[in-house]
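Geometric and topological summary
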Amino acid sequence: MHNNLKPVSHFKLLILKLIFSDVQFAFSLYDTDGAGAVDGASLGDLLRACGLNPTDALTEKVGGREKQISLEEFIPIYSQAKKDKDQGVFEDFIECLKLYDKQEDGTMLCGELLHILLTLGDKLTEAELEEVTSECLDPEDEDGFIQYVQYVEDQFQTTQIHSLIKIVMDG
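Here's what I pulled together on the structure shown here. What you see is a predicted model, and the numbers here were worked out from it, not measured in a lab. (Residues numbered from 1 in each chain as written. Predicted model: local features only at pLDDT ≥ 70, side-chain atom pairs only at ≥ 80, totals over all residues. Heavy atoms only, no water.)

Its location among the elements puts Ser-70 in strand β2 (residues 68-70). With a relative accessible area of 18%, Ser-70 lands in the buried category. With near-sequence residues (within four places) excluded, Ser-70 lies in contact with Phe-27, Gly-36 and Ala-37. (Helix = DSSP H or I, 4+ residues; strand = E, 2+ residues; numbered from the N terminus. Buried < 20%, exposed > 50% of the residue type's maximum accessible area, 1.4 Å probe, protein only. Contact = heavy atoms within 4.5 Å.)

What follows is the structure, given as structure tokens:
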């Protein structure tokens, strides 16, 4: 009987171990009572703490809101979220916002960005919009333009920081 598994290089094995170690660490931070499980309502935050950017729809589909999730259950969820094509990466957001960059100089009208955040994808509420713009959005210039690349960079960084702050404050 032949083994159909391909050999894994030492380098790939090391990378997999490092990724698992990081995922395991993030999971342990969300396991607030040490019972070996996290609340399903925290699944999106946990995936974000692992460096992913899942949509709300994916988070609800794979984890639900009502149950506890063990590390063994989380690993396949993490893998599925990592492979998900709907999660945006930095470059995807920049490419999308370039459509609004009429001068092709890395700027767009602030009002257009606010409209996008309120109406497209996982829509934000007015309160959520206020939170993300007050923390990361530089003031618009005299013509109403903002530097959107810096905003997206700040937003990605802030999302990961907020996940960690929430862990510390709740724990």
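Glancing now at helix α4 (residues 71-83). With 13 residues, α4 ought to run about 18 Å at 1.5 Å a step, and its terminal C-alpha atoms sit 18 Å apart, in line with that. Every buried residue of α4 is listed here: Leu-71, Phe-74, Ile-77, Tyr-78 and Ala-81. Buried residues of α4, seen end-on, are gathered within an arc of 110° and therefore sit on one face of the element. Opposite the buried face of α4, by more than 90 degrees, sit the exposed residues Glu-72 and Lys-83. (Expected span 1.5 Å × (residues − 1). Arc of directions from axis to C-beta.)

The next subject is unusual backbone geometry. Negative phi values dominate among residues other than glycine, just as trans dominates among peptide bonds. A positive phi angle, close to 50°, is found at Glu-104, a residue other than glycine. Given a relative accessible area of 73%, Glu-104 falls into the exposed group.

In this structure, Leu-43, Leu-46, Leu-47, Cys-50, Phe-74 and Tyr-78 are the most contacted members of the largest nonpolar core, which totals 18 residues. Counting only elements with at least two residues in this core, the list comes to α1 (10-30), α2 (43-49), α3 (56-63) and α4. The dominant element in this core, judged by the number of residues it contributes, is α4, at five residues. Other than its neighbours up to four places away in sequence, Leu-46 contacts Ala-26, Phe-27, Tyr-30, Val-38 and Phe-74. In terms of nonpolar packing, the next biggest core, distinct from the first, is built from 15 residues, Met-108, Cys-110, Leu-113 and Val-152 among them. (Core = buried A, V, L, I, M, F, W, Y, C linked by side-chain atoms within 4.5 Å.)

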